[in-house]
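A structural walkthrough
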Amino acid sequence: MTQLSPMQPTKVDVAVIGAGPAGMAAAVTASKAGLSVALLDEGQSLGGQIYRNIEHGTPFRDGILGPDYVAGRSLAESLRASDVTYLPRTSVWNISTDNMLDLSRDGSSSQLIADKIIVATGAVERPSPMPGWTLAGVTTVGALQILLKASGVVQEDAVLVGSGPLMWLVAAQMISAGTPPKAIVETTPKGRMAQAMPHILKALKGHRYLTKGLSMMRQVRGAGVPIYNAATDIRINGHEIAESVTFVSKGKEHTIRSSHIALHQGVVPNQQVTRLLRCDHKWDASQHCFRPVLDGQGKTSVPDVYVAGDGAGIGGAKSAALMGRLVALAIAQEKGKAAPERVYRLQAALASDGAVRPFLEAMYAPAPQFVKPAKETIVCRCEEVTAGAIEDAVDLGAPGPNQVKSFLRSGMGPCQGRVCGLVVSSIIAERRKASMDETGYYRIRPPLKPIPLSELANFQPLEVAQK
Amino acid sequence: MTQTADLIVIGGGIHGSSTALYAALRGMSVIVIEKDTVARHASGVNAGGVRRLGRHLAEVPLSQHSMEIWYGLQDMLGADCGFQIAPQIKVAETEEELDRHRERVQTLNRMGFYHETILDQAQVRHYLPAVADHVVGGLASLRDGFAQPFWTTTSIARKAAQEGVVFKEGERVLGLKRETDWTVTTDQGTYQATKVLNAAGAWAGALAGSLGEYAPVEAIAPMMIVTARLPKFCDAVVGATGRPLSFKQMPNGTVVIGGGRRGRADTATNKSEMLFPELRNTAATAMDIFPIMRGATIVRSWSGVEGRMPDDIPVLGASAKHEGLYHSFGFSAHGFQMGPGTGEMMAGLIATGATQFDLSAFAIDRFTAE
């Protein structure tokens, strides 16, 4: 039998899940306050998605990815200099109500007890259901960026379809890398600027972000990338493999040939852990996503469970790190430790960093096509369930996503609803004329990530008395 | 305003719903009161085995009766319950285990039941080509099967509603009392009926207790794990003899593994929780009996809240204390197959006061408070 690695503790004051900006900042701050901390992360190295591969930068890659990416390096350095026990390649696949974490690391599973748990699992891309999105060759803009960060590889001939800051950022990075996208099919509906304008004064407080956004857009236009605005009726064509994308822009139908289509509709909190723990969640009508209900210090409705970073609501990397520090300070205080920094300063910085958000949220809210996909569109990719089938199940009497799941198996595949969850809830809400809060979301069941049956057979639970 | 009916059923699981359906077919007016939604707990989230195999001898006649209904259930309901006839097989890993099965078959034959048969080593391989070499034989009931529990229970409820049964979902019973008729008070209203059925599953013990009848129902959380899809290798529902295992490859290729081990159940919060360390042996047993499972990956798990009696057989029949009160609960994690037959039997008992089945083993007064 595999022995527990001597590095792996069995009991800590704080377990932090996720080594992105929020997780790294929370771990360092909690550790500085004198708490024992384990930082658990699925990745090979520090950084999460936003600072992926941050410790292995090259001048060339840093140049492509820009100063906002490079800014993550100091956070990683402070983590390395701290007393935090950092466990890479570790996936937390279950957490039970006695704060016992079931972990898989290098092919074997074990347990860890934590007094406090900080969920810093970040964001996932909002699903972009459309006809043909399950064809091979269709990916997401986020996935293209992962490729770029991890190995410096840029997809050639890619057509980006969607909206939001990340899409423009990745387009600009692809241009800097010398491989511009073949086209950008922008899905932001007409009239969004008018809806966003009431937020512009506040957003100007965060003018750095606006300036960066405008300069990215200028760079993309200046590079001669064809841009199609306010695209609707989008579908991807092909048999098994994507061959082209067809859409309507300015009253005219276009078809662009490419077998690399990257979709994007912004990012939303990754709810898997907080849903597994049955934290209360509430629909955020501005961000168009569920977020966990938190007190001012990141505490959820479940005792000992905290959330920091984009998992609490989308705020970006800088806000995530600030919130990570705040949450760690709250825990330090609760555990009677002296706070190593001032809370009010962090709160002020957080407010200022978030000023641009309402503007962006109004501007880039998902287009109707993605909230209420056409009947024949596959919504749950794992089990191939269409939007129409979900509507039929609602008509048969299924009041929410869990009953629809029992009828149709939607959300029962290997992704556990990570991809389809929000769309399934919104289709049901639309059909029943109910609010998203009334409709709710899938109950998330362990394991959060697939684990081999043989690993379960060899599972090494803690024999210690439960707390 | 007080609503009245001939029968009020408390609990919208498979037992409450099917009793309501058959009572309506007998012409009774019925209201079902369910605190959550129909099929929310054990009736909707069990493993779906439609199993006569290996039942407690007292349950065999009722289980047999239920099986006859199952064969025609989808036609009667006009709905797809995902029901398929399939062998249920308990594999024997030693000669000693096989001998025990032989004795059981003789006992059943003496009672007049012939649905369980012995499989020798070649026969067990015929039905289970992927079974491990060390398996020496098995006990089988070849015309049992499996179904989709949620589809089945909601289809029964839908049919009952078509027959005039009124379902009150999301309504919690606060108390009941009897003067000439029963008055049932919920968090949303009051109801009156001459007859009341307690089919409240894991919550039924508290209900019986509130009426002065002792029923030690333990809330349990059977656990099931599901693998990613595998190539088709098993058509039967499989159990082991000497160690806990229930094993079924679904039509879509996923494999559902359960058996014996329990998670945490909480009737106050409706929640159940997986305890994976308890499943180590189950995982090992599955791999021992089907070597192909060594390459399987678990993608999902679930558990549900179920009511268990100390002797693992249900409470069925009339109250020992109150006229017009009936019980049908505590099926101890094997009530799904019995749902249609028990509902038919209970409806007859409630409507006529009599049944052909011997319910003495299931009487509520077999338990006495300490």
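Since we're looking at a predicted model, the values are computed, not measured.

Another aspect to go through is the sheet that holds strand E12 (residues 232-237) of chain A. All names here are of chain A. Strand order in this open sheet of three strands is E12-E13-E14, and the pairing throughout is antiparallel. Each end of this open sheet is capped by a strand with a single partner; those strands are E12 and strand E14 (252-257). Neighbouring strand axes in the sheet, compared pairwise and without regard to direction, differ in orientation by 15 degrees on average. Where strand E13 (residues 244-249) lies against E14, six bridges are found, and the strand directions are antiparallel. When the bridges of E14 are listed, Val-245 appears paired with Ile-256.

The next subject is the confidence of the model for chain B. In this model, chain B carries an average pLDDT of 95, and 100% of its residues clear a pLDDT of 70 or more. The ipTM value of the predicted complex is 0.89, and its pTM value is 0.91.

Further remarks concern the packing of helix H3 (residues 60-77) of chain B against helix H6 (residues 149-162) of chain B. Residues and elements named next belong to chain B. Running from amino to carboxyl end, H3 crosses H6 at an angle of 50 degrees, the nearest separation of the two axes being 10 Å. Overall, the two elements H3 and H6 adopt an arrangement that is oblique. Helix-helix and strand crossings are classified by hand; for H3 and H6 the assignment is left-handed. Every residue of H6 that contacts H3 at Trp-70, Leu-73, Met-76 and Leu-77 is listed here: Thr-152, Ser-155, Ile-156 and Lys-159. Looking at the contact of H3 with H6, its residues break down into five nonpolar, two polar and one charged.

Residue and element names in this part refer to chain A. An order of E8-E15-E9-E10-E11 is seen for the five strands of this open sheet, with the pairing classed as parallel. Edge positions in the sheet fall to strand E8 (138-140) and strand E11 (227-228), since each of these pairs with one other strand and no more. Direction of pairing for strand E9 (residues 159-163) relative to strand E15 (residues 261-265): parallel, over a ladder of five bridges. Bridging across to E15, Gly-162 finds its partner in His-264.

Another aspect to go through is the interface of chain A and chain B. Counting residues at the interface gives 33 residues for chain A, matched by 34 residues for chain B. Taken together, both faces of the contact between chain A and chain B bury some 2,900 Å²; the carbon and sulfur share is 58%. It is Phe407(A), Leu453(A) and Leu456(A) that lose the most area in chain A upon contact with chain B, and together they represent 22% of the buried surface on that side. Seen at the junction of chain A and chain B, the total is two salt bridges. A salt bridge links Arg229(B) to Glu383(A); the nearest nitrogen and oxygen atoms lie 2.7 Å apart. Here chain A and chain B share twelve residue pairs in polar contact (both at pLDDT 80 or more) between them. Mapped onto the side of chain A that touches chain B, the elements with two or more residues apiece are strand E4 (90-95), helix H16 (401-408), strand E22 (451-452) and helix H19 (453-457) of chain A. Top element by residues in the side of chain A that touches chain B is H19(A). It accounts for four residues. Its residues placed into classes, the side of chain A that touches chain B shows 17 nonpolar, nine polar and seven charged.

Here we come to H6(B). With 14 residues, H6(B) should cover 20 Å at 1.5 Å per step; its first-to-last C-alpha distance of 20 Å lies within 8% of that length. Burial analysis of H6(B) places ten of its 14 residues in the buried class, the great majority of the element. All of the buried residues in H6(B) are Pro149(B), Phe150(B), Thr152(B), Thr153(B), Thr154(B), Ser155(B), Ile156(B), Ala157(B), Lys159(B) and Ala160(B). Residues of H6(B) that are buried in the fold lie against H16 of chain A together with helix H1 (14-25), helix H2 (42-45), H3 and strand E7 (166-169) of chain B. Just beyond H6(B), the residue with positive phi is Gly164(B), at close to 105 degrees.

Here we come to the packing of aromatic side chains. All names here are of chain B. One pass over the full model with this rule turns up twelve aromatic pairs over all chains. Ring centres 5.3 Å apart and planes at 65 degrees place the aromatic pair Trp-70 and Phe-336 in the edge-to-face group. Residue Trp-70 is found in helix H3, and its partner Phe-336 is found in the loop between strand E21 (325-329) and helix H9 (339-352); the two are separated by 266 residues along the sequence. Here the two residues Trp-70 and Phe-336 agree in accessibility, since each one is buried. Note on Phe-233 and Phe-290: the rings are 5.7 Å apart at their centroids and 65 degrees apart in plane angle, and the pair reads as edge-to-face. In this pair, Phe-233 sits in the loop between strand E12 (222-227) and strand E13 (237-240) while Phe-290 sits in the loop between helix H8 (280-289) and strand E18 (297-303), placing the two residues 57 residues apart along the sequence.

Before going further, it helps to spend a moment on the pairing of E9(A). All names here are of chain A. Across the five residues that make up E9, a large majority, five, are buried. A two-sided burial pattern is seen for E9, the buried positions comprising Val-159, Val-161 and Ser-163 on one face and Leu-160 and Gly-162 on the other. Relative to strand E10 (residues 183-186), E9 runs parallel, the two being bridged by four bridges. Paired with Val-159 across the two strands is Ala-183, which belongs to E10. Considered for its hand, the β-α-β crossover made up of E9, helix H6 (residues 165-176) and E10 is right-handed.

What counts and how
Going along each chain's sequence as written, the residues are numbered from 1 onward. Throughout, the order in which chains and ligands are written sets their labels, letters from A for the former and numbers from 1 for the latter. Owing to the predicted nature of the model, reporting of local features is limited to residues with pLDDT of at least 70; listing and counting of side-chain atom pairs is limited to 80 or more, with chain, interface and lining totals taken over all residues. As a rule here, side-chain values come from all non-hydrogen atoms in the structure, and water together with hydrogens is ignored. What makes two strands pair is DSSP finding at least two bridges between them. Secondary structure elements follow DSSP: runs of H or I of four or more residues count as helices, runs of E of two or more count as strands, with numbering from the N terminus. In this analysis, axes come from line fits to C-alpha atoms, helices being fitted only over the stretch in contact, and the angle between any two N-to-C directions falls in the range 0 to 180 degrees. What pLDDT expresses is the predictor's confidence in each residue, scored from 0 to 100. For classification, angles of less than 35 degrees are called roughly parallel, those exceeding 145 degrees roughly antiparallel, those between 65 and 115 degrees roughly perpendicular, and all remaining angles oblique. When the near helix sits turned anticlockwise from the far one by under a right angle, the crossing is termed left-handed; a clockwise turn instead gives a right-handed crossing. The criterion used for residue contact is that any of the two residues' heavy atoms lie within 4.5 Å. All residues other than Ala, Val, Leu, Ile, Met, Phe, Trp, Tyr, Cys, Pro, Asp, Glu, Lys and Arg, Gly among them, are scored as polar; the first ten of these are nonpolar and the last four charged. The term buried area means the drop in 1.4 Å probe accessible area that two parts suffer when joined, counted for both and summed. We define a salt bridge as a side-chain nitrogen of Lys or Arg found within 4 Å of a carboxyl oxygen belonging to Asp or Glu. The definition of a polar contact used here is a pair of N or O atoms within 3.5 Å, where within protein one atom must be able to donate a hydrogen and the other to accept one, and adjacent residues in sequence count solely through side-chain atom pairs. Expected span of a helix, by definition, is 1.5 Å for each gap between consecutive residues, and there is one gap fewer than residues. Using a 1.4 Å probe on the protein chains alone, a residue whose accessible area is under 20% of its type maximum counts as buried, one over 50% counts as exposed, and one in between counts as partly exposed. Note on aromatic pairs: the rings of Phe, Tyr and Trp (six-membered ring only in Trp) are paired at centre separations within 6.5 Å, and the planes decide the class, stacked below 30 degrees, edge-to-face beyond 60, tilted for the rest. Orient the strands so they point away from the viewer; a crossover is then right-handed if the path from the first strand over the helix to the second runs clockwise.

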